[in-house]
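Residue-level listing of the chains:
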Amino acid sequence: MRHPAVRSVEGEPPDEYRELRATLNPSWFGRVTETASLRVTWVPDPTPGPEASDRANDIWMRTPVRAYYTLHYSESNGLDCGFHCEPNPHVDGLLHYQKREDANDAYTYEPVSFGARSVTGLLWEMMDALADRLDGLD
């Protein structure tokens, strides 16, 4: 299954694809920029993961999919944003959205949640959420 915004994809390491890098068509998101890219990472069984006591609180509660992952969008003009489910000292819990308008700006962070119960559903839900967020930017 391929998303309509994706022009091409490469995976690393070969035959494992823990990281995908995609070249995107920014106009699909209504963006007027020369180039855009997407980096997707996936760690299906994070070790070390959250402590057992953390698995019942907000650490894992905002997504039914138990993995560390990122879906990070970048434009040639400096816009850089995405959804991250991984430890980050700047946020409580794991799942958040981060954004900066320019490479020299600091990131802003906010908690998010997703309801998808499968990896494929999660990817499509994040792509829809990304499209909604990009639509609200200048």
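Values in this document were obtained by computation on a predicted structure and should not be read as measured data. (Residues numbered from 1 in each chain as written. Predicted model: local features only at pLDDT ≥ 70, side-chain atom pairs only at ≥ 80, totals over all residues. Heavy atoms only, no water.)

Draft legend 1. Representation of a nonpolar patch on the surface in the model. Together, V9, Y17 and L20 give the surface a local cluster of nonpolar side chains, amounting to about 270 Å² of exposed area. L20 gets classed as partly exposed once you look at its relative accessible area, which sits at 31%. (Patch = residues over 30% accessible without salt bridge, like charges linked within 9 Å, V, L, I, M, F, W, Y side chains within 5 Å. Areas by Shrake-Rupley, 256 points an atom, 1.4 Å probe, with all protein chains shown as cover. Salt bridge = Lys/Arg side-chain N within 4 Å of Asp/Glu carboxyl O. Buried < 20%, exposed > 50% of the residue type's maximum accessible area, 1.4 Å probe, protein only.)

Draft legend 2. Expanded view of the packing of aromatic side chains. Inspection of every chain in the model, using the stated rule, returns six aromatic pairs. Judged by centre distance (5.1 Å) and plane angle (85°), the ring pair of W28 and F29 falls under edge-to-face. Among the residues examined, W28 registers a relative accessible area of 36% and is labelled partly exposed. Taking relative accessible area as the criterion, F29 reaches 4% and is therefore assigned buried. Ring geometry for F29 and Y73: centres 5.7 Å apart, planes at 70°, overall edge-to-face. Taken together, the positions of F29 in the loop between β2 (19-24) and β3 (36-43) and Y73 in strand β4 (residues 68-75) put the pair 44 residues apart, joining distant regions of the chain. Residue Y73 is classed as buried on the basis of its relative accessible area, which comes to 0%. Above the plane of the ring of Y97 lies R133, whose end atom (NZ or CZ) is 3.9 Å from the centre. (Phe/Tyr/Trp six-rings, centres within 6.5 Å; stacked < 30°, edge-to-face > 60°. Helix = DSSP H or I, 4+ residues; strand = E, 2+ residues; numbered from the N terminus. Lys NZ or Arg CZ within 6 Å of the ring centre and 35° of its normal.)

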